[in-house]
Amino acid sequence: MTSFEVDSNGFRSGFVALIGRPNVGKSTLLNKLVGKKVSIVSPVAQTTRNRLRAIITTSYSQLVMVDTPGIHKPHHLLGERLVQMARSAIGEVDMALLLLEGSCSPGKGDEFIVQLLKNKNIPVLVALNKWDLVKQDCFNNREEEYRNLIGNSDWPIYRCSAFTGEGCRSLLEALGQKLPEGPLLYPHEMICDQPQKILLAELIREQVLIKTREEVPHSVAVSIERIEEIDSSKNTKGSKVNVAILATILVERKSQKGILIGRGGTMLKAIGQGARLQMQSLLDGKIYLELFVKVVPNWRSNASRLKELGYESD
Ligand code: GDP
Ligand code: MG
């Protein structure tokens, strides 16, 4: 472990809810701030399913960021659970970071979220993300549009790009300063509160979403059946661990199973390769990954299945 000095004088800590519409870049921002991939990212909306706490510790503060599924209109049981989780996250935190899509003008969904936060009466900091996509001569206008959206509240506005990292440091400092004085809540080396199994399953789900795009939309879940550490003394490449992972991908229809496996197994192979690389950087070692695909009709509407896969209602 590296040595770590905490300045206990004036140290600040607390919980921050990360709030925003689907696809504004919540997961990308978390990964940027943490410095490792703890939340999956994809161009498909509603990627984040579980509530994830990412922990960011600096010498002067510790932020426990609660990533929430984007707030949207629910269409089925899974959708309802996602919105429930996001709403209840707002109730349990010291402050909220409202992430908005700086690259376009505010829309109806944004008004809904602003109102939800105003009703909660907690400190809010606003970040206009994807600022790398805004043309310089639009900077002031765009910020003004969002100032009008939040109206008479005293929420400070920051500009950032979770993609390039620009503005993220100032944002982190501002968040730290807004938290109450308090001790370390988690060990400083901890970056995430989700069990390893969930993080690994999410990396596989991410590859499915990226590689199949719209063809196999949200009817996919991943279950990690086994994680086995292999004797690393036999490891010649100098990596720290060797791990064998066995996982099942659940889909709702036979046709989706076909797409996931692909011609001659090419799709499943590509998914496995992508996930394996991500897992290696998360676990800092060599990974052997074996994937299976299983059809379970209507798993999304089945309460006990949802619970089994970690989408608890609380
Ligand atoms: P979430 O649904 O809010 O968690 O959004 P994600 O983090 O999954 O990001 C959605 C998409 O936006 C992904 O394709 C990201 O690569 C992209 N994205 C996120 N932040 C930025 C940013 O600051 N700039 C740009 N150009 N793209 C971004
Ligand atoms: Mg997300």
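Provided above is the structure to which this section pertains.
Trainee: Just checking my understanding: could you explain the overall build of the protein for this structure?
Mentor: The helix and strand tally for the protein stands at 9 helices and 9 strands. Relative to its full complement of 314 residues, the protein shows a buried share of 48%. Long-range contacts, defined here as pairs at least 24 residues apart, represent 74% of the contacts in the protein between residues at least 6 apart.

Trainee: Would you mind going over helix α4 (residues 139-150) with me for this structure?
Mentor: Note: α-helices contain 3.6 residues per turn, so residues at a spacing of three or four share the same orientation. For α4, spanning 12 residues, the distance from its first C-alpha to its last is 17 Å, which sits close to the expected 16 Å at 1.5 Å a residue. Within the span of α4, buried status applies to Arg142, Glu143, Tyr146, Leu149 and Ile150. The arc that holds every buried residue of α4, seen down its axis, measures 110 degrees, which confines them to one face. Structural note: α4 exposes Asn140, Asn141 and Asn148 on the side pointing more than 90 degrees away from its buried face. In this structure, the buried residues of α4 make contact with β4 (95-101), α3 (108-120), β5 (124-129) and β6 (157-159).

Trainee: Is there a simple way to explain the site of ligand 1 in this structure?
Mentor: Near ligand 1 you find 17 residues, and of these Asn23, Lys26, Thr28, Asp132 and Ala162 are the closest. At a separation of 2.8 Å, an oxygen atom of ligand 1 approaches a polar side-chain atom of Lys26. At a separation of 2.6 Å, an oxygen atom of ligand 1 approaches a polar side-chain atom of Thr28. In the complex, 88% of the free accessible area of ligand 1, which totals 590 Å², lies under the protein chains.

Trainee: Can you walk me through the pattern of salt bridges in this structure?
Mentor: Opposite charge on two side chains permits them to pair, given that their charged atoms come into close proximity. Applying the stated criterion across every chain, the model contains 9 salt bridges. Notably, a salt bridge pairs Glu143 with Arg159, separated by 2.7 Å at the nearest N-O pair. Of this pair, Glu143 sits in helix α4 while Arg159 sits in strand β6, placing them 16 residues apart in sequence. A salt bridge links Arg226 to Glu228; the nearest nitrogen and oxygen atoms lie 3.2 Å apart. Owing to a relative accessible area of 48%, Arg226 belongs among the partly exposed residues under this scheme.

Trainee: Which parts of the structure should I look at to understand the packing of helix α6 (residues 196-212) against helix α8 (residues 266-283)?
Mentor: The relative placement of two packed helices is expressed as an angle between their axes plus a distance between the axes. In contact at an axis separation of 9 Å, α6 and α8 are set at 140 degrees when each is read in the N-to-C sense. The orientation of α6 with respect to α8, classified from their angle, is oblique. In the packing of α6 onto α8, the handedness of the crossing is right-handed. Between α6, through Gln196, Leu199, Leu200, Leu203, Ile204, Glu206, Gln207, Val208, Lys211 and Thr212, and α8, the contact on the second element is made entirely by Met267, Ala270, Ile271, Gly274, Ala275, Gln278, Met279, Leu282 and Leu283.

Trainee: What is the right way to look at the environment of Ala244 in this model?
Mentor: Considering the arrangement of structural elements, one finds Ala244 in strand β8 (residues 241-251). The exposure class of Ala244 is partly exposed, given its relative accessible area of 24%. The residues contacting Ala244, other than those within four sequence positions of it, are Arg226, Ile227, Glu228, Ile230 and Tyr288.

Trainee: What is the right way to look at α6 in this model?
Mentor: Taking 1.5 Å of rise per residue, 17 residues should cover 24 Å, and α6 covers 25 Å from first to last C-alpha, within 8% of that figure. Across the 17 residues that make up α6, a large majority, 13, are buried. Directly after α6, the chain includes Arg213, whose backbone phi takes a positive value near 50 degrees.

Cut-offs applied
Residues numbered from 1 in each chain as written. Chains lettered and ligands numbered in written order. Predicted model: local features only at pLDDT ≥ 70, side-chain atom pairs only at ≥ 80, totals over all residues. Heavy atoms only, no water. Helix = DSSP H or I, 4+ residues; strand = E, 2+ residues; numbered from the N terminus. Buried < 20%, exposed > 50% of the residue type's maximum accessible area, 1.4 Å probe, protein only. Contact = heavy atoms within 4.5 Å. Expected span 1.5 Å × (residues − 1). Arc of directions from axis to C-beta. Near = heavy atom within 4 Å. Polar contact = N/O pair within 3.5 Å; in protein donor to acceptor, adjacent residues only side chain to side chain. Areas by Shrake-Rupley, 256 points an atom, 1.4 Å probe, with all protein chains shown as cover. Salt bridge = Lys/Arg side-chain N within 4 Å of Asp/Glu carboxyl O. Axes fitted to C-alpha atoms, helices over the stretch in contact; angles between N-to-C directions. Parallel < 35°, antiparallel > 145°, perpendicular 65-115°, else oblique. Left-handed = near helix turned anticlockwise from the far one by under 90°.

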